[in-house]
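Report on the structure
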Amino acid sequence: MDYEAIAQAAATHHLCIVGAFHPEPEDGLPESTGTLVLLAPAEPGFWSYFQTQPEARDGQPDMMNRWSTRVIDQIADELDAATLYPFGGPPWHPFIDWARKSGSIHSSPVSLLVHNDQGLMISFRGALALREKIELTPPRLTPCLLCSAPCETACPVDALSEDGYDTAACHAFLDTAAGVDCMENGCKARRACPVSQEYPRDPAQSAYHMQQFHK
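Residues numbered from 1 in each chain as written. Predicted model: local features only at pLDDT ≥ 70, side-chain atom pairs only at ≥ 80, totals over all residues. Heavy atoms only, no water.

**Considering unusual backbone geometry**
Condition: Segments assigned H or I by DSSP are reported as helices when at least four residues long, segments assigned E as strands when at least two residues long, and all are numbered from the N terminus.
Pro 90 follows Gly 89 through a cis peptide bond whose omega is 5°. Examined against the element boundaries, Pro 90 turns out to sit in the loop between β3 (82-84) and α5 (95-100). For the bond from Pro 90 to Pro 91, the omega torsion is -5°, close enough to zero to count as cis. We note that Asp 80 has phi near 55°; this positive angle belongs to a residue other than glycine. The topology assignment puts Asp 80 in the loop between α4 (63-79) and β3. The backbone phi angle of Asp 158 is positive, close to 50°, even though this residue is not glycine. Within the element layout of this structure, Asp 158 appears in the loop between α6 (151-154) and β7 (160-161).

In structure tokens, the structure reads:
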């Protein structure tokens, strides 16, 4: 078992490793966990791939989470790992805390997580808890260090700041005509991130997640 083998198993389902770490007892993981691996959609092409999957075509609710559970459980069976998901609670797993320990996901100036390659478009579909303590890639500095932080001024209602996320202001804006752009193309602050702009996420995928958020 090594990092590359896990990455290849995930890539079969258009997923990728966005972070991993060796947990400590306070991280709230099974005692047998040697490595936690966080998985996210891989671009380009994730949304087109997902549209071919049975969960996206059966007309049943919660299509993305059902798909994630099916395929990540399958990966876990192949790797003899346990699975954990950012949905299905309460109780909720502390994915944000885990992400910050991964070495490639950091806090941004607008309090959202930022990934070195995916920017503010980072999202999690699940995690693999491996028994093995595998060798990991070196930690990376946050991309925000050399950034002018356009995310700080992109939100039309200043719902995002270093102090947190004003979800009430965000939801109220999304109910207006001016909020249609965010609903159809994704959060303006997330899109303003220069790293996000280099990560080719389909706007239809962002629209789906905005619809789920704004129910």
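The structure having been displayed, the exposition proceeds.
**Things to note about the packing of aromatic side chains**
For any pair of aromatic rings, geometry is given as the distance between the ring centres together with the angle between the planes. For clarity, the threshold we go by: In this analysis, rings of Phe, Tyr and Trp, with Trp reduced to its six-membered ring, are considered paired at centre separations within 6.5 Å, and the interplanar angle assigns stacked below 30 degrees, edge-to-face beyond 60, and tilted for intermediate values. A simple rule labels every residue: compare its accessible area, found with a 1.4 Å probe on the protein chains alone, to the largest value its type can have, and call it buried under 20%, exposed over 50%, or partly exposed in between.
If you walk through the whole model with that rule in mind, you get 10 aromatic pairs. With a centroid separation of 5.7 Å and an interplanar angle of 40°, the aromatic rings of Trp 47 and Tyr 208 are classed as tilted. Here Tyr 208 lies in helix α11 (residues 203-213) and Trp 47 lies in helix α2 (residues 46-50), a separation of 161 residues in the sequence. Here Trp 47 falls in the buried class, since its relative accessible area comes to 10%. With relative accessibility at 10%, the residue Tyr 208 sits in the buried group. Pairing Phe 50 with Trp 67 gives two aromatic rings, centres 5.6 Å apart and planes at 80°, and the pair type is edge-to-face.

**A short note on the nonpolar core**
Most often, soluble globular proteins keep nonpolar side chains buried together rather than apart. We count it as follows: Definition of nonpolar core: a set of buried residues of the types Ala, Val, Leu, Ile, Met, Phe, Trp, Tyr and Cys, connected through side-chain atoms within 4.5 Å.
Grouped together as the largest cluster of nonpolar side chains are 27 residues, with contacts concentrated most on Ile 6, Leu 15, Val 37, Trp 67 and Leu 128. Sorting the residues of this core by element identifies α1 (3-11), β1 (15-21), β2 (35-41), α2, α4 and β6 (126-130) as the ones contributing at least two each. No other element matches α4, which puts 8 residues into this core. Ranked by size, the runner-up nonpolar core spans 18 residues in total, among them Leu 36, Leu 84, Trp 98 and Leu 113.

**Considering the environment of Ser 32**
What counts, and what does not: Whether two residues are in contact is decided by their heavy atoms: any pair within 4.5 Å suffices.
Looking at the element boundaries, Ser 32 is found in the loop between β1 and β2. In this structure Ser 32 comes out as partly exposed when scored by relative accessible area, which is 49%. Taking C-alpha positions, Ser 32 is 9.9 Å from Ala 82, a pair spaced 50 residues apart along the chain. Those residues in contact with Ser 32, other than ones at most four positions away along the chain, are Leu 130 and Arg 131.

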